[in-house]
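# Commentary on secondary and tertiary structure
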Amino acid sequence: MARSSTEMDPELARQLFFEGATIVIFGVPEGSEFGIDSNSWEVGPRFKGVKMVPPGIHFIHYSAKRIGGASGETGPRSGIFFYLEQKEIRLLNWDALEEELVAASQEEAENLREQLTSLDPSLGPYPYESLRCWVSLTNHISKEAMVKLQPACGTICSFPEVLPMDEMTHTEDRAKRNLPRYDTVCQNYKEGLSRLPQMKQKEGTEIRFSQLPERMYPKDATPAEITQHSMDLTYALGQLMDTNYPGNTLGILAELQFSFVCFLLGNVYEGFEQWKNLLNLLCRAETFSLQHPDLYSEIISVLYHQLAQVPTDFFIDIVSQNNFLTSTLQVLFSFLCSPSTTKDLRKKALRFRAHLTKRFQWDFEEDPLDCAPLVVQLPEGWENTNNTDATALPEGNTEVPFPS
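An account of the accompanying structure is given in this report.

Basis of the calculations
Residues numbered from 1 in each chain as written. Predicted model: local features only at pLDDT ≥ 70, side-chain atom pairs only at ≥ 80, totals over all residues. Heavy atoms only, no water. Helix = DSSP H or I, 4+ residues; strand = E, 2+ residues; numbered from the N terminus. Buried < 20%, exposed > 50% of the residue type's maximum accessible area, 1.4 Å probe, protein only. Contact = heavy atoms within 4.5 Å. Areas by Shrake-Rupley, 256 points an atom, 1.4 Å probe, with all protein chains shown as cover. Phe/Tyr/Trp six-rings, centres within 6.5 Å; stacked < 30°, edge-to-face > 60°. Lys NZ or Arg CZ within 6 Å of the ring centre and 35° of its normal. Core = buried A, V, L, I, M, F, W, Y, C linked by side-chain atoms within 4.5 Å.

What follows covers the overall build of the protein. Along the backbone of the protein there are 16 helices and 14 strands. By residue count, 40% of the 404 residues in the protein fall in the buried class. In the protein, the share of contacts with a sequence separation of at least 24, taken over all contacts with a separation of at least 6, comes to 70%. Carbon and sulfur atoms form 52% of the exposed surface of the protein, whose accessible area is close to 23200 Å².

This is the structure in structure tokens:
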């Protein structure tokens, strides 16, 4: 994440000073980390907000300075999405007890307009040179989409508050659930896990992501249809679209961008998981891509800008060394780069594939791991009792490749 300079063309600065929005912030502890969009800084003693903010979608994120902590040590990150109008003023006050920024009423914010001149020396200018990058990451997120997706409480937390699903504070409560008393010796690991309280995220703090379909195929599907819908996820993607984005196919791009920003700038792992799940559906829905070429052209653009923000080894699993994104995109390219796709979309897909190969050194020519033959171990002597054709298997072979 960039820590931008504040140099700006004087003429542009004058225009933004009179036309841009202002975010006034009171009380953030010195030494905390504060950021807007893809920029962040360490809070100094005079900091009172950001001026000359271009109208549109913005993401404020911050981490409180730890009391008694080492230099530069901050707590978990929190963030707030805003949609700012031209010349708008937003006022945020620091809640020291909860360690979070709380939005003041619009009336309080407007009362500050006459004080902007005196506050000006303590307001940092928005780093305009980073705006192009930010817009490329959020151009599909409308004000309506932002309101729909963000938590009811308004704040996105990297470590949200969790509460026990059941209190079970008394011995009789645990007895009703067939759970052992707290004062008895734990006998094994499984019992130890059962003693832990079941937790749930505090109501109102959840990011309101779309729920993925529980089933990838229709209820009364035949075995052959189940296989087909498991290979081509058009049905599942259509179910998600009908439920969350009826009549607005491009609406899913807002969620794809919102989830990525939540992870990249908000440090919310749930955002990364939602981004992966949405991408998996989109990249494995071949029939849907033929029906909506404009959507898939935009998907390529969205991914191009998102992947530009991460290091080349970002998607490699540190345990398995596998890269989920290469296999996912490999399926996407298998049909977007085929003659069945429109000429313009195929050309764009080929260029994107070449770009990824050059930048990340990803190989899209090998068969995806999930399409590799599954080796099934057969019982000893199987070939003699079940195979009437002596030439069907090499002598002594007890492993047969079985298509998965």
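Glancing now at the packing of aromatic side chains. Summed over all chains, the structure comprises 14 aromatic pairs. Ring geometry for tryptophan 275 versus phenylalanine 324: centroids 6.4 Å apart, planes at 85 degrees, classification edge-to-face. Taken together, the residues span a long stretch of sequence, with tryptophan 275 in helix H11 (residues 269–283) and phenylalanine 324 in helix H14 (residues 324–336) at a distance of 49 residues. The exposure class assigned to tryptophan 275 is buried, which follows from its relative accessible area of 0%. Phenylalanine 324 sits in the partly exposed class, given a relative accessible area of 21%. For the pair tryptophan 362 and phenylalanine 364, a centre-to-centre distance of 6.4 Å together with 80 degrees between the ring planes defines the contact as edge-to-face. Phenylalanine 364 shares its class with tryptophan 362; the two are buried. Members of the aromatic cluster, connected to one another through ring pairs, are Phe260, Phe263, Tyr269, Phe272, Trp275 and Phe324. When the ring centre of tyrosine 245 is taken as origin, the NZ or CZ atom of lysine 148, which lies over that ring, is 4.2 Å away. Over the ring of phenylalanine 324 we find lysine 276, and its NZ or CZ is 4.8 Å from the ring centre.

On to the side chain of threonine 22. Of note, threonine 22 is situated in strand S1 (residues 21–26). Setting aside residues up to four positions removed in sequence, threonine 22 forms contacts with Val50, Lys51, Glu88, Ile89, Arg90, Leu116 and Leu123.

With that out of the way, let us pick up the nonpolar core. Soluble, globular proteins show a tendency: their nonpolar side chains are buried together. Residues Trp275, Tyr296 and Leu329 are the most contacted members of the largest nonpolar core, which totals 45 residues. Those elements that provide at least two residues to this core are helix H9 (234–244), helix H10 (251–264), H11, helix H13 (293–307), H14 and helix H15 (343–360). Those residues in contact with tyrosine 296 that sit more than four places away from it in its chain are Leu237, Leu282, Ala285, Phe288, Ser289, Leu332, Leu336 and Leu345. By size, the runner-up hydrophobic cluster in this structure holds 37 residues, among which are Phe34, Ile57, Ile60 and Ile207.

Another aspect to go through is unusual backbone geometry. Phi at methionine 52 takes a positive value of approximately 55 degrees, unusual for a residue other than glycine. Following the sequence through the fold, methionine 52 ends up in strand S4 (residues 49–53). Here methionine 52 falls in the buried class, since its relative accessible area comes to 8%. Not every positive phi belongs to a glycine, and glutamate 99 is a case in point at roughly 55 degrees. Mapping glutamate 99 onto the fold places it in the loop between strand S7 (89–95) and strand S8 (100–103). Given the relative accessible area of 32%, glutamate 99 is considered partly exposed.

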